[in-house]
Amino acid sequence: MIRFTLRNYNFMFMKNFFTFMFVLLLSFNCSAQNQTINVADHGIKPGKDVTLEVYQLIKSLEGKKNITLFFPKGQYEFYPENAYEEYRAVTNHDNSMKKIALPIYNFDNFTLDGNGSTFMFHGLISPIVVEGSRNTTLKNFSIDWDKSFVNELKVIKNNTEENSFVVEVANNKFGFEIKNNQLLFNHYSWQDIIGQNIAFDSETRSPIWQTRSYYLKPQPKKASKVIKLDKNTIKFVNYTKKTPPIGTVFATYGKSPGSNRLAPGIHLSNSKDNFLNDVTVLQSGGMGLIAERCENVSLDKFIVTSRDDRTIAARADATHFLGCKGTIKLENCLFEHMLDDGINVHGAYVKVVKYLGNKTFLCETSHVQQIGFLFGEKGDEVMITSRETILPVFKTEIEDVEILNERRTLITVTEMPEALPEGLLSLENLTWCPDLYMNKNIIRENRARSALITTKGKVLVENNYFSSQMHGILIEGDNNKWYESGGVQDITIRNNT
């Protein structure tokens, strides 16, 4: 009996020993595969310009997998002078040469962990671009700019009899000028005119009631005057339809298109399985997040909001998804103080300029801020559609795509109807239509809508709070202005406020 017990003991010991060694070796292999790189070990420290050093570090990691780039908590400064630059077409933005602080290109299993840090940007620079990557996680950091892209003017005095008011200029780091009765705001390396603008209520931090009555005309009447009183204050005379109340905050943001959507906070492009957790965007010169041609995007505790000393956060939408597929998931997010929608999900119609025969269409990007967008690739299912009625004509598949330039493309399909109908036509991509899940989000105090939803995927919107200037939820599609495609087919909306 004793011998039997000892043999059992020896057997169990050896079994447990080999199991332990196997787990140890497996753990060693996993740790070898999953590498955490502390940026401090590469001379990257808070409180100084780290743009070049961060770029060089990311560049050195090309071809590696399972990387975590870890930033010890602090404020890291990023300037455009030493940033990586390339020409980028960014949908629903203004295309241009982009300075990019963190280009995350063609990585597998890459994690950017800010550990609660603030990434502070200066001038025209795009903070984060994820391109051609798989399984990317962005977490635990804030994005901000030292100088807002939005020029804020707070009314401190008014005179209804002469329809005049005095404003205090916020964020006046670079000051302002008045030339030929026109107000010019100085920025890092450019000037903005008043351009597009909207009046906000400083108490509610929402667009003011009947805000169009207080619109600042970029090209004012001859009787209008703008007078510099001192380095902080300006007087406007006969500039608005109605005299704005004291406390009104004018948010002005330059020309569009062309100059006021140049620097989104985060740009996801042609990437699969993207995760954003505990990320805050306090300022952006475009969308807080723009995703195009991506499969699966998950946001948890993604926040777009303004700093205490500002009224406005993002120049445009908090989040925007064009031509994506898989699942877009938003949970526990807060979007407020944007100058456009909380979320917009849609596809894009492209115009058929001409049918060339041989199953080939000459197509043109329809909207000026979708120029350069990749509409489709071989194997994508498309619908030939009437541009006048948006009704379907014929379903087929892309056989070949030849890009001629940013605007025009040759698209060859596998099958054609016996005859094409009279009238204007367009193409819609049916493959890239995502499902959407929104749960426990707050969208409020912004210009425009809370949620704009145009996708053929399965949609569930539940347990959210919406309080925006316009629609809480808007479901639409059009083929003559924004060219946003993806008619809703399956949507559940429940338990929202």
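What you see is a predicted model, and the numbers here were worked out from it, not measured in a lab.

Asker: Before we move on, can you summarise the sheet that holds strand 13 (residues 191-192) with the specific residues and values?
Answerer: The sheet built from 3 strands is open, its strands ordered 11-12-13 with antiparallel pairing. The open sheet has two free edges, formed respectively by strand 11 (176-179) and strand 13, since each of these has just one partner strand.

Asker: Account for empty space enclosed by the protein, naming residues and giving values.
Answerer: Taken as a whole and assessed by the stated rule, the structure comprises 4 cavities of 30 Å³ or more. Counted as a void, the largest cavity has a volume near 60 Å³. In terms of lining, the largest cavity is formed by R293, G323, G347, A348, F373, L374, F375, N429, W432 and S485. Here the residues of the lining of the largest cavity are counted per class, giving 5 nonpolar, 4 polar and 1 charged.

Asker: Describe the layout of surface pockets, listing the residues and the values that go with them.
Answerer: In this model, the largest pocket occupies a volume close to 820 Å³. With 3 residues, the single largest contributor to the lining of the largest pocket is strand 14 (residues 197-201). Residue classes in the lining of the largest pocket are distributed as 13 nonpolar, 11 polar and 11 charged. Roughly 220 Å³ of volume is contained in the second largest pocket. If you trace the second largest pocket, you find 20 residues lining it, with T365, F373, L374, F375 and T409 closest to the centre. Contributions of two or more residues to the lining of the second largest pocket are made by strand 27 (360-365), strand 29 (392-403) and strand 30 (408-413).

Asker: Could you give me a rundown of the sheet that holds strand 17 (residues 248-252), with the residues and numbers involved?
Answerer: Within a sheet, neighbouring strands are paired by backbone hydrogen bonds and run either parallel or antiparallel to one another. Read across the open sheet, the 6 strands follow the order 14-17-9-10-16-15; overall the sheet is antiparallel. Lying at the two open borders of the sheet, with one neighbouring strand each, are strand 14 and strand 15 (225-228). When strand polarity is set aside, the average angle formed by the axes of neighbouring strands in this sheet is 30°. As paired elements, strand 14 and strand 17 share 5 bridges and run antiparallel to each other. If you follow N197 over to strand 17, its bridge partner there is T252.

The rules behind each value
- Residues numbered from 1 in each chain as written.
- Predicted model: local features only at pLDDT ≥ 70, side-chain atom pairs only at ≥ 80, totals over all residues.
- Heavy atoms only, no water.
- Pairing = 2+ DSSP bridges.
- Helix = DSSP H or I, 4+ residues; strand = E, 2+ residues; numbered from the N terminus.
- 1 Å grid on protein atoms, 1.4 Å probe; cavity = no way out; pocket = protein on both sides within 12 Å on 5 of 7 lines; lining within 4 Å.
- Points joined across faces, edges and corners; volume = space filled by probe spheres on them.
- Nonpolar A, V, L, I, M, F, W, Y, C, P; charged D, E, K, R; others polar.
- Axes fitted to C-alpha atoms, helices over the stretch in contact; angles between N-to-C directions.

All quantities given are derived from atomic positions and should not be read as evidence of function.
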